[in-house]
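Commentary on secondary and tertiary structure
These are the residues of each chain, in order.
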Amino acid sequence: MGCCVSTSSRSTCSTRSHGEAVSPTCFEIGFCGQKRTKRTFSDHVIPLQHLPSLPNRIFTNGKSRTSCIFTQQGRKGINQDAMIVWEDFMSEDVTFCGVFDGHGPHGHLVARKVRDALPLKLLSSVHTNQSRQNESGTTCFKANSKKPDGGDSEKDGSAEGRLNSLWRESFLKSYKAMDKELRSHPNLDCFCSGSTAVTIVKQGSNLFLGYIGDSRAIMGSKDTNGSMVAIQLTVDLKPDLPREAERIKRCKGRVFALQDEPEVPRVWLPFDDAPGLAMARAFGDFCLKEYGVISIPEFSYRTLTERDQFIVLASDGVWDVLTNEEVVEIVSSAPSRSSAARILVDSAAREWKLKYPTSKMDDCAVVCLFLDGKMDSESDYEEQGFSSATFQSNHSGNVMESDDGQKSEPSLQRNFTVRSSESDNYGRMVAPDYEGNADTDRVAGEDQNWSGLEGVTRVNSLVQLPRFSEERPNP
């Protein structure tokens, strides 16, 4: 299913309908008022297959102007984590970041699909909402708010309140559209596969967050004494949170932990001890959507200050073994900013071996966004052992080799399921192939069987697959 949107990513200012000039910090994505100063390449529609050629968008191990990202495969099979940083997301001084942790037999495909499609859906939602406000006479929003605290705006009538409302609605609509696309996708089986999402948009000094699942965002900030402190920006949406558990039980789902892992609450079907999902919200996982698992994101907003240094997004492979304070310490003490994400993943890998030597290490994905917009020089980056192939734009869309030796896809140009001539675990036939070059995608899935249900179950998002397809027994 295609997804495209028209945006304006490099505009520096705009004009209102009566011709008055607007500050370059004005929130605009090319359609504020009736006039625009110029058109750019991104004023045109962006199909999914063109995403790899877009500048200022990275999704494999490497760095950008203001960030570094890194992922490493665990010991469960194919890496099911995905990540993205998209600078100049809709205009200058706007950055989108996201980390997506897939689970289930096709979780790697779900995570990559969400990585590619969700930002475009968010752009489309913002475009629609902003156009509606323009038609009602609402003017542009300033990107730099002067609100001192980090809470939600109390007065929706203010410009800041309207900006907050616009992004809240846009996040809600885009997440809903993303899950709807996954449900109706003809070739991507999301019945017992899904993904978390933690996504942020930094627009000037405004920070907007939308998230589902147990991937987490934190911020490193300086206190009044100049010492680094950790500020958790999101809540791990686990099934045992009172509000989450109440909703799930109201929908006839069950929440309990296994005896050998009492610290991991899971969601179970009402009539089967499956699948045991270790989160209360996720994309996909449609076997549980009637029983309380939802894809509605939590949304939050805060105003950044000069004390705020960096933001870290990471999958639970990091948070299972490192505290927020340890993560802030590791990132802030990294020898170079461009190496921070990789050093953090390396630290998590060491902790896995020390704390859980009998467990299968989980996949880890990290995004480090530095809020002052400064990064190291290119020479410093290469000294850290990164190959230039990991951060140069891949305009051809071919499979690239990442630092940890994995084959990584630069973009999900087409979706596919694990090939098989037999029925899958749900009793349904797996789609034999997708359109296009089969050899390109084969390296991602073949010879790397999904083994998330093996070994110690503590670190698995799913315990076992249901013993039924989409039919349920009569009550």
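Going by the structure above, here's the rest.
Along each chain, residues carry numbers from 1 onward, in the same order as the chain's sequence is written. Local features in a predicted model are, by the rule used here, given only for residues with pLDDT of at least 70; side-chain atom pairs are given and counted only at 80 or more, and totals for whole chains, interfaces and linings are based on all residues. Only heavy atoms go into the side-chain values, all of them from the structure, while hydrogens and water stay out.

1. Re the environment of Leu 354
To keep it simple, the criterion reads: The numbering of helices and of strands both runs from the N terminus, where a helix is a DSSP run of H or I of at least 4 residues and a strand a run of E of at least 2. With a 1.4 Å probe rolled over the protein chains alone, any residue whose accessible area is under 20% of its type maximum counts as buried; one over 50% counts as exposed, and the rest are partly exposed.
In this fold, Leu 354 is placed in helix α6 (residues 340-355). Taking the relative accessible area as the measure of exposure, Leu 354 reaches 65% and is therefore exposed. Along the sequence, Leu 354 and Val 321 sit 33 residues apart, while their C-alpha atoms lie 9.4 Å from each other.

2. Things to note about the sheet that holds strand β15 (residues 272-277)
Defined as follows: Strand pairing is assigned whenever DSSP identifies at least 2 bridges connecting the two strands. The axes used here are C-alpha line fits, helices contributing only the stretch in contact, and every angle between their N-to-C directions lies in the interval 0 to 180 degrees.
Pairing within the open sheet is antiparallel, and its three strands lie in the order β13-β14-β15. In the strand order of this sheet, the two ends are held by β13 (254-257) and β15, each with one partner. Ignoring which end each strand starts from, the neighbouring axes of this sheet average 45° apart. Direction of pairing for β13 relative to strand β14 (residues 265-269): antiparallel, over a ladder of four bridges. Considered in β14, the bridge of Ala 257 is made with Pro 265.

3. A closer look at the packing of helix α5 (residues 324-332) against α6
As a reminder of what qualifies: Throughout, the term roughly parallel applies to angles under 35 degrees, roughly antiparallel to angles over 145, roughly perpendicular to angles from 65 to 115, and oblique to all others. Crossings are sorted by hand: turned counterclockwise from the far helix by less than a right angle, the near helix makes the crossing left-handed, and turned clockwise it makes it right-handed. In this analysis, two residues are considered to be in contact whenever any of their non-hydrogen atoms come within 4.5 Å of each other. Under the scheme applied, nonpolar residues are Ala, Val, Leu, Ile, Met, Phe, Trp, Tyr, Cys and Pro; charged residues are Asp, Glu, Lys and Arg; polar residues are all the others, including Gly.
It is the contact of α5 with α6, at a shortest axis distance of 9 Å, that shows an interaxial angle of 135°. On the basis of the axis angle, α5 is oblique to α6. Crossing of α5 against α6: the hand is right-handed. In contact with Val 327, Ile 330 and Val 331 of α5, α6 contributes Ala 340, Ile 343, Leu 344 and Ser 347. Residues of the contact of α5 with α6, tallied by class, amount to six nonpolar, one polar and no charged.

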